[in-house]
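Results of the structural survey
Below, each chain spelled out in residue letters.
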Amino acid sequence: MDALELLLNRRSHPRLKAPAPSGRALDNILQAALRAPDHASLSPWRFIVCEGDGLVKLGALFEQSAIGHQKPDKEIERAPKLPLRAPMVIVAITEYKAHEKVPREEQLASTACAVMAMQMAAQAQGFNGIWRTGAYAHCPMVREALGLALEDEITGFLYLGTPMFETPEKAPLDSREFVTFWQ
Ligand SMILES: Cc1cc2nc3c(=O)[nH]c(=O)nc-3n(C[C@H](O)[C@H](O)[C@H](O)COP(=O)(O)O)c2cc1C
């Protein structure tokens, strides 16, 4: 797929089935993440690739979080099933590195770029996915179980797999609504 075509037509896809990207395709996705813009080359990222039992493990964390927060029964019941909506979930973590010139915001932005790069690399290879967060991304119990330090952040859960159907097209926005030119 042409690079510009991909950039102009990127779409998420939430309905995902097996197969998940593997082998070279998965390597490409992870390498794309590592190409994220990175001020001072801090590499402030960590990725946990969950598949199979890994998804069940992640779901168990969500369930414990829902129980711990005394969520309604329906939500507790739903929690362990959430990661099973795709054959792969990549947890993208910003591992904050103290640096005099690189504030935490820039490190979060770098990981955000990595998430988008992974989604686009997936789409470029016939897979797709969706970047999700939600309450579990911010839950102290989930954060602790995934080994986050105080200033780290779960930037996203990137659900990846094979689209169940063709991704609907989305009309482009009008750039004039968002852009001004200083000339
Ligand atoms: C930081 C971040 C968090 C997001 N969290 C969720 C989420 O929890 N659930 C969800 O359905 N979409 C979430 N989205 C939006 C989707 O990833 C996606 O962008 C949206 O459905 C629009 O689809 P599109 O990417 O094809 O335009 C999030 C996006 C970002 C940037």
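These remarks concern the structure in this document. Within any chain, residue numbers begin from 1 and follow the written order of that chain's sequence. With the structure being a predicted model, the display of local features is reserved for residues of pLDDT at least 70 and the display and counting of side-chain atom pairs for 80 or more, all residues being used for whole-chain, interface and lining totals. Excluding hydrogens and water, the side-chain figures rest on all heavy atoms present in the structure.

1. Notes on the nonpolar core
To be explicit about the condition: We define the nonpolar core as a collection of buried residues of types Ala, Val, Leu, Ile, Met, Phe, Trp, Tyr and Cys that are connected through side-chain atoms lying within 4.5 Å of one another. Here's how the labels work: a residue is buried when its accessible area is under 20% of the maximum for its type, exposed when over 50%, partly exposed in between, all with a 1.4 Å probe on protein chains only. We count a stretch as a helix when DSSP gives it H or I for four or more residues in a row; a strand needs E for two or more, and each element gets its number in order from the N terminus. Residue contacts follow a heavy-atom distance rule, with two residues in contact if any of their heavy atoms lie within 4.5 Å.
Ranked by size, the top nonpolar core spans 24 residues in total, and within it Leu 58, Phe 62, Val 91, Ile 154, Phe 157 and Tyr 159 carry the most contacts. When residues of this core are traced back to their parent elements, those giving at least two are α3 (53–68), β3 (88–94) and β5 (153–163). With five residues, α3 is the largest single contributor of residues to this core. Non-local contacts of Ile 154, meaning those with residues more than four positions away in its chain, are made with Val 91, Ala 92, Tyr 136, Ala 137, Val 142, Arg 143, Leu 146 and Leu 148. Formed by 18 residues, the second largest nonpolar core is a distinct cluster that contains Ile 29, Ala 36, Met 88 and Leu 160.

2. Points about a nonpolar patch on the surface
Inclusion rule: The patches reported here contain residues having more than 30% relative accessible area and no salt bridge. Joining distances are 9 Å for like charges and 5 Å for nonpolar side chains (Val, Leu, Ile, Met, Phe, Trp, Tyr). Only the protein chains shown count as cover for residues, and the accessible areas themselves come from Shrake-Rupley with a 1.4 Å probe. For salt bridges, the criterion is a side-chain nitrogen of Lys or Arg within 4 Å of an Asp or Glu carboxyl oxygen.
Residues Leu 173, Phe 178, Val 179 and Phe 181 make up a contiguous nonpolar surface patch of about 500 Å² in total accessible area. The residue Phe 181 is located in the segment after β5 in this model.

3. Considerations on the pairing of β3
We count it as follows: When DSSP finds two or more bridges between a pair of strands, those strands are recorded as paired.
Burial within β3 is extensive, with seven of its seven residues counted as buried. The alternating pattern of β3 places Met 88, Ile 90, Ala 92 and Thr 94 and Val 89, Val 91 and Ile 93 on opposite faces, both of which are buried. Bridge count for strand β2 (residues 45–50) against β3 is six bridges, and the pairing is antiparallel. Along β3, the bridge assignment pairs Arg 46 with Ile 93. Pairing of β3 with β5, which is carried by seven bridges, proceeds in the antiparallel orientation. Opposite Val 89, over in β5, you have Tyr 159 as the bridge partner.

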